[in-house]
Amino acid sequence: MDFRTHRQTFILSTLFSIISLIWVGNSQAQLTDQTQTPNIAGRGIALSLDQQVGAGQGDEITPDSSLYIIKRDPARAVRRGRQLFQRKFTKAQGQGPRVLDGIGDIGSIGALGAGLADSCALCHGLPRGSAGFGGDVVTRPDGRNAPHLFGLGLQEQLADEITWDLRSIQGEAITKAQSSGSPVQKRLVSKGIDYGFIIGLPDGSVDTSQVQGVDPDLRVRPFFAQGGTISIREFVVGALKAEMGLETADPCLQTASTGGICTTPAGLVLDGTWDNIEAPPISAGNIDGDSDGVIEEIDPAVVDFLEFYLLNYFKPGFGEKTRGTQAGLKTMRKIGCLECHKANLTVESDRRIADVETKFNPKKGIFNRMFAKAKTLFETVDDGQALPKLLPKNDPFFVKRIFADFKRHDLGPNFHEINYDGTVQKEMMTEPLWGVGSTGPYGHDGRSTSLKEVILRHGGEAQKSRNKFARLGRGRQDAVINFLETLVLFPPDSTASNLNPGDPNASNFPQEGHGSINLGALFQTEGPE
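Residues numbered from 1 in each chain as written. Predicted model: local features only at pLDDT ≥ 70, side-chain atom pairs only at ≥ 80, totals over all residues. Heavy atoms only, no water.

Caption draft 1: A look at the overall build of the protein chain. Across its full length, the protein chain carries 12 helices and 22 strands. Here the C-alpha radius of gyration of the protein chain, 24 Å, is about what a compact globule of 529 residues would show, namely 24 Å. Each principal axis of the C-alpha distribution contributes one length, and for the protein chain these read about 65 × 55 × 55 Å. Counting the 529 residues in the protein chain, one finds 54% classified as buried. Here the analysis covers contacts within the protein chain between residues at least 6 apart in sequence; of these, 67% occur between residues at least 24 apart. Surface accessibility of the protein chain: about 22,000 Å² in total, with carbon and sulfur atoms responsible for 52%. The distance from the centre of the 56 positive side-chain charges to the centre of the 63 negative ones in the protein chain is 11 Å. (Helix = DSSP H or I, 4+ residues; strand = E, 2+ residues; numbered from the N terminus. Rg over C-alpha atoms; globule rule 2.2 N^0.38 Å. Buried < 20%, exposed > 50% of the residue type's maximum accessible area, 1.4 Å probe, protein only. Contact = heavy atoms within 4.5 Å. Areas by Shrake-Rupley, 256 points an atom, 1.4 Å probe, with all protein chains shown as cover. Lys, Arg positive; Asp, Glu negative; His and termini not counted. Charge placed at Lys NZ, Arg CZ, Asp CG, Glu CD.)

See the structure below:
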């Protein structure tokens, strides 16, 4: 057996080694760099930032480049993305200052209200060690809570597929109108979600006056409460700049923002001929856009790893299921909650390389009695190189318990938001309910102290369902709340799994031997991480 065949066989025999999604031995949300903060315990990231950047973006045949690692050693790519997410950046690396040092017209530059962090995990770090929630910024007068990032890749994919479904319907309406010489109206429906009607006109234009819950360009923007950003990549580059003062001249966003087309290393097509893509803060790495005396602050390879990590970040978990919680779900359906919070949706072509299903399991679970089962979603492609490619299968994936419809809704004055320019944001995206049992206080602004209060806060389009909930007896209201509390987040380093089920006989149990969602096998490429 030659080296390549042996390596491929080993990869397949260690089916779950690709799942380096979260835990690699450090449980903290934030991590220092051992090359900068050496310590006897050996805690922190083993590699320097320059070592993590490696050969830069490179290509699929350049070892130690981001594109090479993502295509040929995706486990290492996800792990590296996780450590970059947790990394505490320094001023010497370009961290800070705040956008325009926090001075200017906040009505037109909302990022002036962002905080100044030194790591992604400072705002997204709860539960511990996860890409969770926990931060707050004043990019709006009433503040904005940082949401959790569990399932982010599935949300990006669903939104993108819905967008192109809607645009395909629009194209059909235009084609028929041009051939018939008369206006043609078509209903905009994707994945069972109704976005109103589009009317194609004989001159090739469209009437969007009856479109609902999405912009006239039919682009679903899943990120931020108001639905403002298309992609994980834009989100990452924007957050690095706004929240950490770190600038990158990302070539993919530069191309797409100027009317070109770019496919990100995580597989998302950004098409500037259709969409207004957010430009990177600087157009070239040698530009000191924030005048901090540092250039080449963030190599695009860092963005590649962060995007790939968040694409593959796993879904929220599902807690203890009882007759009572199931009754609560039935009640939600009966009073109309699931008209907007649609329970399940399907991704038609999944770009992830792995999935983790985490559920209540009192026999196998240790901390929180949660147990995770991981499976890979990749296939091996031998292209003649020393290491084969490990690529996503792009199969359909049934997304359970997301409870979202990827539409904007007006929930009445209690959810309206004042902007710094004096305008009022009335429509907000339906917040996916997965993870809601762990993420209080509630609402985009954190004003609601409990699940019951945030339900009673609903009005506008949800007024009827809100009133039905309010009229329920105490027992049925409690059943609804109990069901919502089963939609949970979890600390990955303390959650036993089929990758590392834990060992109750370990010394110092349960501080040791509690199990984790752990890599537990070799990377394809050699060297420390």
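Caption draft 2: Just the nonpolar core, in detail. Counting 60 residues, the largest nonpolar core has Phe-85, Val-236, Leu-240, Phe-308 and Leu-310 as its most contacted members. Elements supplying a minimum of two residues to this core: helix 2 (49–53), helix 3 (66–72), helix 4 (74–86), helix 6 (232–244), helix 7 (251–257), helix 8 (300–311), strand 12 (354–360) and strand 13 (370–376). The dominant element in this core, judged by the number of residues it contributes, is helix 8, at 9 residues. Look past the residues within four positions of Phe-308 in its chain and what remains in contact with it is Ile-70, Pro-74, Ala-77, Val-78, Ala-266 and Ile-353. (Core = buried A, V, L, I, M, F, W, Y, C linked by side-chain atoms within 4.5 Å.)

Caption draft 3: Region of interest: the packing of helix 4 against helix 8. Axis separation between helix 4 and helix 8 bottoms out at 7 Å; the angle between their running directions is 105°. Classified by the angle between their axes, helix 4 and helix 8 sit roughly perpendicular to one another. Residues Pro-74, Ala-77, Val-78, Arg-80, Gly-81, Arg-82, Leu-84 and Phe-85 of helix 4 form the contact with helix 8, whose participating residues are Val-302, Phe-305, Leu-306, Phe-308, Tyr-309 and Leu-310. Here the residues of the contact of helix 4 with helix 8 are counted per class, giving 11 nonpolar, 1 polar and 2 charged. (Axes fitted to C-alpha atoms, helices over the stretch in contact; angles between N-to-C directions. Parallel < 35°, antiparallel > 145°, perpendicular 65-115°, else oblique. Nonpolar A, V, L, I, M, F, W, Y, C, P; charged D, E, K, R; others polar.)

Caption draft 4: Molecular detail of the environment of Thr-439. Within the element layout of this structure, Thr-439 appears in the loop between strand 20 (427–429) and helix 10 (451–456). Residue class for Thr-439 comes out buried when judged on its relative accessible area of 17%. The sequence separation of Thr-439 and Leu-489 amounts to 50 residues, and the corresponding C-alpha distance is 8.1 Å. Excluding its chain neighbours within four sequence positions, the residues that come into contact with Thr-439 are Phe-133, His-148 and Leu-489.

Caption draft 5: Representation of the sheet that holds strand 6 (residues 193–200) within the structure. The strand order across the open sheet built from 3 strands is 5-6-7, with neighbouring strands paired in antiparallel fashion. Strands with a single pairing partner mark the edges of an open sheet, and in this sheet they are strand 5 (184–190) and strand 7 (206–207). Bridge count between strand 6 and strand 7: 2 bridges; the pairing is antiparallel. Along strand 7, the bridge assignment pairs Gly-200 with Val-206. Packing against the sheet, helix 5 (residues 152–180) makes contact with strand 5, strand 6 and strand 7, and its axis sits at approximately 165° to strand 5. (Pairing = 2+ DSSP bridges.)

Caption draft 6: Broad picture of the pairing of strand 13. The element strand 13 is extensively covered by neighbouring structure, given that 5 of its 7 residues are classed as buried. Examined bridge by bridge, strand 12 and strand 13 share 7 bridges and lie antiparallel to one another. Within strand 13, the residue paired with Lys-359 across the bridge is Phe-371.

Caption draft 7: Examining a positive patch on the surface more closely. On the surface, Lys-321, Lys-359, Lys-364 and Lys-373 cluster together into a patch of positive charge. Of note, Lys-321 is situated in the loop between strand 10 (317–318) and helix 9 (323–335). (Patch = residues over 30% accessible without salt bridge, like charges linked within 9 Å, V, L, I, M, F, W, Y side chains within 5 Å. Salt bridge = Lys/Arg side-chain N within 4 Å of Asp/Glu carboxyl O.)

Caption draft 8: Region of the structure containing the pattern of salt bridges. Throughout the structure, instances matching the rule amount to 29 salt bridges. With a closest N to O distance of 2.6 Å, Arg-72 and Asp-383 form a salt bridge. On the criterion of sequence distance, the pair formed by Arg-72 in helix 3 and Asp-383 in the loop between strand 14 (378–381) and strand 15 (389–392) is long-range, its members being 311 residues apart. A relative accessible area of 31% places Asp-383 in the partly exposed class.

Caption draft 9: Highlighting the state of the cysteines. Inspection of every chain in the model, using the stated rule, returns 1 disulfide. For Cys-252, the disulfide goes to Cys-262, at an S-S distance of 2.0 Å. Around the S-S axis, the bridge from Cys-252 to Cys-262 shows a dihedral of about -120° and counts as left-handed. Residue Cys-252 is located in helix 7, and its partner Cys-262 is located in strand 8 (residues 261–263); the two are separated by 10 residues in the primary sequence. We note that Cys-252, like Cys-262, is buried. In this model Cys-120 remains outside any disulfide bridge; the closest cysteine sulfur is found in Cys-123, 8.9 Å from its own. Accessibility expressed as a relative area gives 17% for Cys-123, which makes it buried. (Disulfide = S-S within 2.5 Å.)

Caption draft 10: Summary view of the side chain of Gln-52. On the secondary structure map, Gln-52 appears in helix 2. Judged by its relative accessible area of 0%, Gln-52 is buried. Of the polar contacts made by the side chain of Gln-52, one reaches the side chain of Arg-87; its length is 2.9 Å. Those residues in contact with Gln-52 that sit more than four places away from it in its chain are Ile-45, Leu-47, Arg-80, Gln-83, Leu-84, Arg-87 and Phe-305. (Polar contact = N/O pair within 3.5 Å; in protein donor to acceptor, adjacent residues only side chain to side chain.)

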